[in-house]
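# Summary of structural features
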Amino acid sequence: MSSTFPSDLIAGILSYLPVKSLCRFKCVSKSWSVSIIHPQFVKVHQARTRRQKFLLVNDASFYHVDPDTSLLHQELSSSSSSSYRKVFPIKHDRPFKEEHDHHNFRGCHWVSESSNGLFCILMNHPPDNFFVYNPSTRESKKIPNMESEKESYYRMHYTLHGFGYAESIDDYKFVKVLIKRKIIQIFSLRNNSWKTIKCDFPFNVNNFRDIFVFSFNGAVQYGIPLNGAIHWVVVMHGYNGLGYYSMVAFDLVEEKFKTLPVIEIAKLKRVTVFRDRLCIVDCHDRFWIMEEYGVEESWTRISISKKPYPYKCAWKNIGYLFMNLDDDGWLQRYYESTVFDCIRSYTMHAYVENPVSPNFHRRCHHK
Amino acid sequence: MSTAATADASSSGDTTEGSVRLLTLQSEDGEVFEVKETIATQSVTIKGMVDDDCATSTIPVCNVTGRTLAMVIEWWNKHEIGAVSNEKELKEWESQFDTIDDKSDRDDVYDLLMAANYLNIPTLLDCCTSAVAEAIKGKSTDEMREFFDIKSDFDEKEEDALRKENQWAFEN
């Protein structure tokens, strides 16, 4: 009796595998190496598995944290009320390819929120070099520079940056909104090309008080990807001299701006995604999530049962570690101060594992 | 892996049991099983036949041996909708796939997968595919080729290049 597995059953089995196994199994045969990164397979894999991972970035390197496998000591102190887990980040040397020599790696200026498993990363050096990076496969792709477009950092102040995935067109887009110049530059990973469109930014820039700043030094205002759009919070001048918050979203399919309602809060600290919803955190660490996308009445205050994240510790951005997680239970495991003391001064970014290749479409274009 | 000795012990030979109809399934190698309709319709294929009134006589289940069909029916009984499912028992049944080490384990799970596919039983198919995935996730490329009966069509250079690119995935 012949016992060769039909290809759809093989694909079904592979769709349950961790990406590390898949990267190894690309070497099984030519057809496997192609089908494992095929968009159809990637889609099925994403529907099947949502493995939460973390990327740590500091000036020296990238590190990967896999909560499933890098946990060595569960419950370090069983007597303490909180059970900490010790995790061991795995160093990823030379995150970018040869032409962007690792000798030049001086950390990242900006790491986007992850969208469907990929990050967009702006290097400190050389400047203006953006990369799309898949931490799950450790594959990267340099976004080609736009001709005649050499923006220096200080001029980026009125530029919004964002990186996001639109499921309906299965495309990742990197977006620069040059508010003062009234143009939007869009890089499509699928087309491997840039285009420039007129900016339909819904607010008059003269009414800006500020653009909400989350970034390391205020130079890059990065957006929050969700539902095929990228979101930024802007602070507007109010009638009584006080500012008020408003949210703009750039739809990656329509390539148009829209506005979204923000709940009235006194002082915004952070905007993120929590439980697959837009989430805002105020200065008192109170959380609201937008239960129904785009519906003002659906902003709901939620309580985080565990102790909030530690701002005391020296790590930048540690808050977003758990805010991207959809399970409160994760929270406690990661903020014990000795956990990452092997790596100093890093930023931490949560993502969901994805076998997608940032170079898939480029390969297709070349054929 | 063990095969269930009898498939549906509760069947008394009547064609009805209360208001529950019994279906007669015949395996490829001629073994006959009587199964409650409510159970057998976990198979989308059989449900289609019942809905179309084509399940009045013996239903031939081609491509599936009696041994495998018995395992499928054991699965059905454990997953009957409305039945009180015993978590422990279920886990035990599923745990038989925890190790797929030798050739006979591999062939059993292969037969079951093919049956689940042919009879279109989504829950069983999902269970088997995820179990196989769990069992093979740590395998080497050579072990994978053996398991799936695949010949490498790379030339040496190509394979080396690809291995180099994914070197980290070969490390522990």
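Because the structure is a prediction, the values reported are computed rather than measured.

For the rest of this paragraph, the subject is the overall build of chain A. Helix and strand content of chain A: 6 helices and 24 strands. For chain A, buried positions account for 58% of its 367 residues. When contacts within chain A are restricted to residue pairs at least 6 apart in sequence, those whose partners lie at least 24 apart make up 57%. Roughly 16500 Å² of accessible area belongs to chain A as shown, and the carbon and sulfur atoms make up 48% of that amount.

Looking now at the sheet that holds strand β23 (residues 299-302) of chain A. All names here are of chain A. Strand order in the open sheet made by the 4 strands is β20-β21-β22-β23, with antiparallel pairing throughout. At either end of the open sheet lies a strand with only one pairing partner, and these are β20 (268-274) and β23. Neighbour-to-neighbour, the strand axes of the sheet open up by a mean angle of 25°, direction not taken into account. Two strands pair when backbone bridges link them, and β20 and strand β21 (residues 277-282) are joined in this way by 6 bridges, in the antiparallel orientation. Residue pairing in the sheet places T272 in a bridge with C279 of β21.

Another aspect to go through is the nonpolar core. A general tendency of soluble globular proteins is for nonpolar side chains to be buried together. Formed by 54 residues in total, the largest nonpolar core has its most connected members in W76 and F148 of chain B. Among the elements that line this core, the one with the most residues is helix α6 (residues 122-136) of chain B, at 8 residues. Setting aside residues no more than four positions away along its own chain, W76 of chain B makes contact with L25, V35, I39, A40, Q42, S43, I46, L119 and I121 of chain B. The next biggest cluster of nonpolar side chains, apart from the first, holds 19 residues, and it includes L226, A229, I265 and W288 of chain A.

All names here are of chain A. Relative to strand β13 (residues 193-198), strand β12 (residues 183-188) runs antiparallel, the two being bridged by 6 bridges. Paired with I183 across the two strands is K198, which belongs to β13. The turn linking β12 back onto β13 is made up of 4 residues, and N192 within it adopts a positive phi angle of 55°.

Here we come to the confidence of the model for chain A. All names here are of chain A. Considering every residue of chain A, the mean pLDDT works out to 74; 67% of them sit at 70 or more. Predicted confidence for residues 212-220 stays below pLDDT 50, and this span has 33 contacts to residues more than four positions away or in other chains. Per-residue pLDDT stays below 50 along residues 306-343; that stretch engages in 100 contacts with residues further than four places along the chain or on separate chains.

Here we take up the UniProt feature "domain: SKP1 component POZ" (unreviewed entry) in chain B. Here the UniProt-annotated "domain: SKP1 component POZ" (unreviewed entry) positions come out as residues 22-80 of chain B. The span residues 22-80 of chain B carries 42% helix and 24% strand; its end-to-end C-alpha distance comes to 14 Å.

Attention now moves to the UniProt feature "domain: SKP1 component dimerisation" (unreviewed entry) in chain B. When the UniProt feature table is mapped to this numbering, "domain: SKP1 component dimerisation" (unreviewed entry) covers residues 123-169 of chain B. Taken end to end, residues 123-169 of chain B comprises 68% helix and 0% strand; its first and last C-alpha atoms sit 31 Å apart.

On to the packing of helix α1 (residues 7-14) of chain A against helix α5 (residues 103-119) of chain B. Angle between the axes and distance between the axes are the two parameters that describe a pair of packed helices. Contact pair α1 of chain A / α5 of chain B: the axes reach a minimum separation of 11 Å and the direction vectors enclose 110°. Here α1 of chain A is positioned roughly perpendicular relative to α5 of chain B, judged by the angle of their axes. Along the contact surface, α1 of chain A presents D8, L9 and I13 of chain A, while α5 of chain B presents L113, M114 and N117 of chain B. For the contact of α1 of chain A with α5 of chain B, the residue count by class is 4 nonpolar, 1 polar and 1 charged.

Turning our attention to the pattern of salt bridges. This structure, assessed with the given rule, holds 17 salt bridges over all chains. Of the charged contacts, one joins E158 of chain B and K30 of chain A as a salt bridge, the two residues approaching to 3.7 Å between their closest N and O atoms. Of this pair, E158 of chain B sits in helix α8 (residues 156-165) while K30 of chain A sits in helix α3 (residues 30-35), on two different chains. On the basis of relative accessibility, which here comes to 34%, the residue E158 of chain B falls in the partly exposed class. Taking the shortest distance from any N to any O, the salt bridge between K137 of chain B and E134 of chain B comes out at 3.1 Å. Each of D142, R145, E159 and R163 of chain B takes part in one network of salt bridges that share partners.

Residue and element names in this part refer to chain B. Counted under the stated rule, the structure contains 0 disulfides over all chains. C62 carries a free sulfur, and the closest cysteine sulfur to it, the one in C54, is 14 Å from it. What makes C62 partly exposed here is its relative accessible area of 37%.

Residues and elements named next belong to chain B. Between α5 and α6, whose axes approach to 9 Å, the crossing angle comes to 150°. Crossing of α5 against α6: the hand is left-handed. Where α5 abuts α6, its residues V109, L112, L113, A116 and N117 lie against L124, L125, C128, T129 and V132. Residues of the contact of α5 with α6, tallied by class, amount to 8 nonpolar, 2 polar and no charged.

Enumeration according to the criterion identifies 15 aromatic pairs over all chains in this entry. Between Y165 of chain A and Y172 of chain A, the ring centres sit 4.6 Å apart and the planes meet at 45°, which makes this aromatic pair tilted. Connected via pairs of aromatic rings, a cluster forms that spans F5 and W32 of chain A together with Y110, F147 and F148 of chain B. A cation over an aromatic ring shows up here: R301 of chain A above the ring of W288 of chain A, its NZ or CZ 5.7 Å from the ring centre.

Once that is clear, we can look at the sheet that holds strand β9 (residues 139-142) of chain A. All names here are of chain A. With antiparallel pairing, the 4 strands of this open sheet are ordered in space as β6-β7-β8-β9. Unpaired on one side and paired on the other, β6 (108-111) and β9 mark the two borders of the sheet. The average angle at which neighbouring strand axes cross in this sheet is 25°, direction not considered. Two strands pair when backbone bridges link them, and β6 and strand β7 (residues 119-123) are joined in this way by 3 bridges, in the antiparallel orientation. Counted as the bridge partner of C108 is M123 from β7.

About the criteria used
Residues numbered from 1 in each chain as written. Chains lettered and ligands numbered in written order. Predicted model: local features only at pLDDT ≥ 70, side-chain atom pairs only at ≥ 80, totals over all residues. Heavy atoms only, no water. Helix = DSSP H or I, 4+ residues; strand = E, 2+ residues; numbered from the N terminus. Buried < 20%, exposed > 50% of the residue type's maximum accessible area, 1.4 Å probe, protein only. Contact = heavy atoms within 4.5 Å. Areas by Shrake-Rupley, 256 points an atom, 1.4 Å probe, with all protein chains shown as cover. Pairing = 2+ DSSP bridges. Axes fitted to C-alpha atoms, helices over the stretch in contact; angles between N-to-C directions. Core = buried A, V, L, I, M, F, W, Y, C linked by side-chain atoms within 4.5 Å. pLDDT = per-residue confidence, 0-100. UniProt positions renumbered as here; feature names shortened; annotations may be inferred. Parallel < 35°, antiparallel > 145°, perpendicular 65-115°, else oblique. Nonpolar A, V, L, I, M, F, W, Y, C, P; charged D, E, K, R; others polar. Salt bridge = Lys/Arg side-chain N within 4 Å of Asp/Glu carboxyl O. Disulfide = S-S within 2.5 Å. Left-handed = near helix turned anticlockwise from the far one by under 90°. Phe/Tyr/Trp six-rings, centres within 6.5 Å; stacked < 30°, edge-to-face > 60°. Lys NZ or Arg CZ within 6 Å of the ring centre and 35° of its normal.

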